[in-house]
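# Notes for the structure review
Take a look at the letters that make up each chain.
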Amino acid sequence: MWQEKAKLHLEYIINSSPRILYPYLIEPNELAQWFADDVNYHDGIYEFIWDNESHRAKLAASKENKSVKFKWLDDEPHYFEMEILQDELTNDVALAITDFVKEEDLEERKKIWDNSISYLQSVIGA
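Just so we're clear, the structure is a prediction, and the values are computed from it rather than from any experiment.

In this section: the pattern of salt bridges. Pairs can form between side chains of opposite charge whenever their charged atoms are close. Tallied over the entire structure, the rule returns three salt bridges. A salt bridge links Lys5 to Asp75, with the shortest nitrogen-to-oxygen separation between them at 2.6 Å. Remark: Asp75 occurs in the loop between β5 (67–72) and β6 (79–86) and Lys5 occurs in the segment before β1 (6–14); sequence separation between them is 70 residues. With respect to class, Lys5 is no different from Asp75; both count as buried. Here Glu107 ties to Lys110 by a salt bridge, and the two come within 3.4 Å at their closest N and O atoms. Of the two residues, Glu107 and Lys110 are both situated in helix α4 (residues 106–123); the distance of three residues between them amounts to about one turn of the helix.

The next thing to look at is the nonpolar core. Counting 33 residues, the largest nonpolar core has Trp34, Phe48, Met82, Leu95 and Trp113 as its most contacted members. Counting residues per element, this core draws most heavily on β1, at five residues. In this structure, Leu95 is in contact with Leu10, Glu11, Tyr12, Ile14, Leu21, Leu25, Met82, Glu83, Ile84, Ile117 and Leu120, ignoring residues within four places of it in sequence.

The seven strands are arranged β1-β7-β6-β5-β4-β3-β2 in an open sheet whose pairing can be described as antiparallel. Looking along the sheet, the strands with just one partner apiece sit at the ends: β1 and β2 (38–42). For this sheet the average axis-to-axis angle between neighbouring strands, irrespective of direction, equals 25°. Relative to strand β3 (residues 45–50), β2 is paired through five bridges, and the arrangement is antiparallel. Paired with Asp38 across the strands is Ile49, a residue of β3.

Attention now moves to unusual backbone geometry. Cis geometry is found at the peptide bond from Glu76 to Pro77, where omega equals 0°. If you trace the backbone, Pro77 turns up in the loop between β5 and β6. The phi angle at Asp51 is positive, at roughly 45°, despite the residue not being glycine. If you trace the backbone, Asp51 turns up in the loop between β3 and β4 (53–63).

Rules used in this analysis
Residues numbered from 1 in each chain as written. Predicted model: local features only at pLDDT ≥ 70, side-chain atom pairs only at ≥ 80, totals over all residues. Heavy atoms only, no water. Salt bridge = Lys/Arg side-chain N within 4 Å of Asp/Glu carboxyl O. Helix = DSSP H or I, 4+ residues; strand = E, 2+ residues; numbered from the N terminus. Buried < 20%, exposed > 50% of the residue type's maximum accessible area, 1.4 Å probe, protein only. Core = buried A, V, L, I, M, F, W, Y, C linked by side-chain atoms within 4.5 Å. Contact = heavy atoms within 4.5 Å. Pairing = 2+ DSSP bridges. Axes fitted to C-alpha atoms, helices over the stretch in contact; angles between N-to-C directions.

Here you go:
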């Protein structure tokens, strides 16, 4: 049964350069260090594994050192996007997350992103 999902938008300050951050958003080995338990890549399809459950997505769009957008294969038309934002004046770098989640899972998903981004920051030493 298809269910309407709410758009979740989060932003995190990351003390890192876009050049250092970007591989962690697109490379399977780097994604596996913070985003999922494991990440496999084959024929243009990313397989994200959490708690022994596999979720497959394709890279819908990417801009080097700027953004990546993944479309879930089993959850059309939903996607998640990670965008690197850099303040032109201060050079502060933020990571903006766009995700879609069922209304009742919103708080839980926010916590998951908070935790994941904490991992990411420790992995890149931010």
